[in-house]
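# Structure at a glance
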Amino acid sequence: TQLLEQSPQFLSIQEGENLTVYCNSSSVFSSLQWYRQEPGEGPVLLVTVVTGGEVKKLKRLTFQFGDARKDSSLHITAAQPGDTGLYLCAGASLALSGTYKYIFGTGTRLKVLA
Amino acid sequence: SQTIHQWPATLVQPVGSPLSLECTVEGTSNPNLYWYRQAAGRGLQLLFYSVGIGQISSEVPQNLSASRPQDRQFILSSKKLLLSDSGFYLCAWSADLPNYGYTFGSGTRLTVV
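Reading the values: rules and limits
Residues numbered from 1 in each chain as written. Chains lettered and ligands numbered in written order. Predicted model: local features only at pLDDT ≥ 70, side-chain atom pairs only at ≥ 80, totals over all residues. Heavy atoms only, no water. Contact = heavy atoms within 4.5 Å. Buried area = accessible area lost by both parts, 1.4 Å probe. Salt bridge = Lys/Arg side-chain N within 4 Å of Asp/Glu carboxyl O. Polar contact = N/O pair within 3.5 Å; in protein donor to acceptor, adjacent residues only side chain to side chain. Helix = DSSP H or I, 4+ residues; strand = E, 2+ residues; numbered from the N terminus. Nonpolar A, V, L, I, M, F, W, Y, C, P; charged D, E, K, R; others polar. Disulfide = S-S within 2.5 Å. Buried < 20%, exposed > 50% of the residue type's maximum accessible area, 1.4 Å probe, protein only.

### A few points about the interface of chain A and chain B
- Contacts between the two partners involve 28 residues from chain A and, on the opposite side, 25 residues from chain B.
- Where chain A abuts chain B, roughly 1900 Å² becomes buried across the two surfaces, and 52% of that area is made up of carbon and sulfur atoms.
- Looking only at chain A, the three residues that lose the most surface to chain B are Tyr-100, Tyr-102 and Phe-104 of chain A, adding up to 28% of its buried area.
- There are 0 salt bridges connecting chain A and chain B.
- Viewed at the interface, chain B and chain A are joined by 5 residue pairs in polar contact (both at pLDDT 80 or more).
- Looking at the side of chain A that touches chain B, the elements that each hand over two or more residues are β4 (31-37), β5 (44-49), β9 (85-94) and β10 (100-104) of chain A.
- In terms of residue class, the side of chain A that touches chain B is built from 11 nonpolar, 14 polar and 3 charged.

### Some details on unusual backbone geometry
- A cis amide bond links Ser-7 of chain A with the next residue in sequence, Pro-8 of chain A, at an omega value of -5°.
- Among the structural elements, Pro-8 of chain A can be located in the loop between β1 (5-7) and β2 (10-14).
- Geometrically, the link from Trp-7 of chain B to Pro-8 of chain B is a cis peptide bond, its omega value of 0° lying close to zero.
- In this structure, Pro-8 of chain B sits in the loop between β1 (3-7) and β2 (10-13).
- The backbone of Lys-59 of chain A sits at a positive phi, close to 55°, despite the residue not being glycine.
- Topologically, Lys-59 of chain A is positioned in the loop between β6 (55-58) and β7 (61-65).

### Description of the state of the cysteines
- If you walk through the whole model with that rule in mind, you get 2 disulfides over all chains.
- Residue pairing for Cys-23 of chain A: its cysteine sulfur links by disulfide to Cys-89 of chain A, the two sulfurs lying 2.0 Å apart. The S-S bond linking Cys-23 of chain A to Cys-89 of chain A shows a torsion near 80°; that makes this disulfide right-handed. Of this pair, Cys-23 of chain A sits in strand β3 (residues 19-24) while Cys-89 of chain A sits in strand β9, and the two are 66 residues apart along the sequence. Each member of the pair, Cys-23 of chain A as well as Cys-89 of chain A, is classed as buried.
- A disulfide bridge connects Cys-23 of chain B with Cys-91 of chain B, and the sulfur atoms are separated by 2.0 Å. Handedness here is read from the sign of the S-S torsion; for Cys-23 of chain B and Cys-91 of chain B, about -75°, the answer is left-handed. Taken together, the residues Cys-23 of chain B in strand β3 (residues 19-26) and Cys-91 of chain B in strand β9 (residues 87-94) connect sequence positions 68 residues apart. Side by side, Cys-23 of chain B and Cys-91 of chain B carry an identical accessibility label, which is buried.

In structure tokens form, the structure reads like this:
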């Protein structure tokens, strides 16, 4: 069974601090996505990384895919209250049916205090 | 542009009652469709996915079923709800590409009482 473990599970920081969220697995994924979810809403896709070692930046967010495509990290610089939410990673793998399935991580709940 | 609609937003149902949640997608054809359940603001558990009309794959044995009567319509059902069916249900669509990602609906909060 493929599992994606995220750490930390909860994180409460002050505005302006930096943080890193990790997403780890023993399985190899063809791509990995990061989502942010706010209470009562569906997750929203932030980024997709495809190549081992790939780094993508989205304003103050930096995403990295591990060289072996088994893990990923999300780094937020100078966090703001608007960054508050549940961050989810999701790994894509090819199912026996020939379609792609996404396995979601356990989630990291971030709260940024003003 | 593609949009996904999911309803209702909230639902309170008694134990033993039936369930029908509907999801429709606009602006794309032949999407892959998914039903997920999320417990207590944590990770998502895949319940069903469909790659075409009438094609349903079940991931977890449970009290629920899914159907895809039309290309862009995905329905989650139950004949008799259990307390354990309570949760946040999310519908999503994706193209069948490894780096496409999901677009999620706004979710349905189901409370079984």
